[in-house]
Amino acid sequence: MILAAYFYFKGPAENHGIVQIPAGQVTEPSEQSASLNHGSDSTKTVDESIKSIEISSLLESDVKIDERNRELWLKAEAMAKAGDNDSAIKLLREISERDNRAFTGIGILSMKTGKYDDAIKYLEKAIEYDGNNFTAIRVLALAYYKTDRLDKSLHNIEKGLSI
C-alpha cells in the first residue's frame, strides 16, 4: 500500500505534485519505517520536491518587513540561488533575531544541503511561532521522511492538509 499526500510547492507547474510514501503495513509506524526504500521512485519524487523549494516565497506574505531585513532576505535568496546555501543560512540566522520567518528559510536551506536534523530543528521552531505555517509543516514532513521517521512525517502531512 502507498500513502500519498499532496504537497504544493510554489514554482513551475512541473514542480507541483503528489509525493508518494511507501508505507508497507500502515498500522504501525515502526513497520512503515522498515519498509522505506530510499532508492525508490517515491524518494526521487521527494528529492525533486526538496530541490524545487525556494525561500523567496517567504517574502511574499502580507507581513511587513523592515528595509534592512528585506535587503538581507534578498541577499540570502541570491546566495541560495547561486548555490551558496551555507552563507545564506548565516544571513537568515541574523534575520531570525528580528523575524521568525527566517527559521523556515533556514530549514528549507538545511534540507537542500542534506542537513535534515538541522532542518527539523529550525522548522519546528518556525511552527512554534506560527502553528499554521504551511510551508514549514510541509517541509518538516519531508525532513521526517528523509530521516526515516514516518510517523512524524505522516503527522505533519495530516496537519498540513488540515490547514
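Look a little higher up for the structure.
Keep in mind it's a predicted model, so treat the numbers as computed, not measured. (Residues numbered from 1 in each chain as written. Predicted model: local features only at pLDDT ≥ 70, side-chain atom pairs only at ≥ 80, totals over all residues. Heavy atoms only, no water.)

## Focus on the overall build of the chain
Link 1 in the chain: Secondary structure summary: the chain contains 8 helices and 2 strands in total.
Link 2 in the chain: In sequence order, the secondary structure elements of the chain are arranged as β-β-α-α-α-α-α-α-α-α.
Link 3 in the chain: Residues classed as buried in the chain amount to 44% of the 163 residues present.
Link 4 in the chain: Partitioning the intrachain contacts of the chain with sequence separation of at least 6 by distance along the chain shows that 51% fall at a separation of at least 24.
Link 5 in the chain: With the model as given, the accessible surface of the chain reaches about 8,500 Å², and the carbon-plus-sulfur share is 48%. (Helix = DSSP H or I, 4+ residues; strand = E, 2+ residues; numbered from the N terminus. Buried < 20%, exposed > 50% of the residue type's maximum accessible area, 1.4 Å probe, protein only. Contact = heavy atoms within 4.5 Å. Areas by Shrake-Rupley, 256 points an atom, 1.4 Å probe, with all protein chains shown as cover.)

## Topic: the environment of Lys-152
Link 1 in the chain: Here Lys-152 is to be found in helix 8 (residues 150–161).
Link 2 in the chain: The class for Lys-152 is partly exposed, based on a relative accessible area of 39%.
Link 3 in the chain: When the C-alpha atoms of Lys-152 and Ala-141 are compared, they prove to be 7.1 Å apart, with 11 residues separating the residues in sequence.

## Focus: the environment of Phe-103
Link 1 in the chain: With respect to the helices, strands and loops of the structure, Phe-103 is situated in helix 5 (residues 102–112).
Link 2 in the chain: The class of Phe-103 is buried, set by a relative accessible area of 7%.
Link 3 in the chain: Distance from Phe-103 to Tyr-129, taken between C-alpha atoms, is 9.5 Å for residues 26 residues apart in sequence.
Link 4 in the chain: When near neighbours in sequence (up to four residues on either side) are disregarded, Phe-103 contacts Ser-96, Tyr-122, Leu-123, Lys-125, Ala-126 and Tyr-129.

## Observations concerning helix 6 (residues 116–129)
Link 1 in the chain: Between the first and last C-alpha of helix 6 there are 20 Å, a value that for 14 residues agrees with the 20 Å anticipated at 1.5 Å per step.
Link 2 in the chain: Those residues of helix 6 not exposed but buried are Ala-119, Ile-120, Tyr-122, Leu-123, Ala-126 and Ile-127.
Link 3 in the chain: Tucked into the core, helix 6 has its buried residues touching helix 4 (85–96), helix 5, helix 7 (134–146) and helix 8. (Expected span 1.5 Å × (residues − 1).)

## Considerations on the packing of aromatic side chains
Link 1 in the chain: Throughout the structure, instances matching the rule amount to 2 aromatic pairs.
Link 2 in the chain: Seen in terms of ring centroids, Phe-103 and Tyr-122 are 6.2 Å apart; in terms of plane orientation they differ by 20 degrees. Their pairing is stacked. Linking Phe-103 in helix 5 with Tyr-122 in helix 6, this pair joins segments that are 19 residues apart in sequence.
Link 3 in the chain: Between the aromatic rings of Phe-103 and Tyr-129, the centroid separation amounts to 5.7 Å while the plane-to-plane angle is 10 degrees, which identifies the pairing as stacked. Of this pair, Phe-103 sits in helix 5 while Tyr-129 sits in helix 6, and the two are 26 residues apart along the sequence.
Link 4 in the chain: Ring pairing ties together the aromatic residues Phe-103, Tyr-122 and Tyr-129, which thus form one cluster. (Phe/Tyr/Trp six-rings, centres within 6.5 Å; stacked < 30°, edge-to-face > 60°.)

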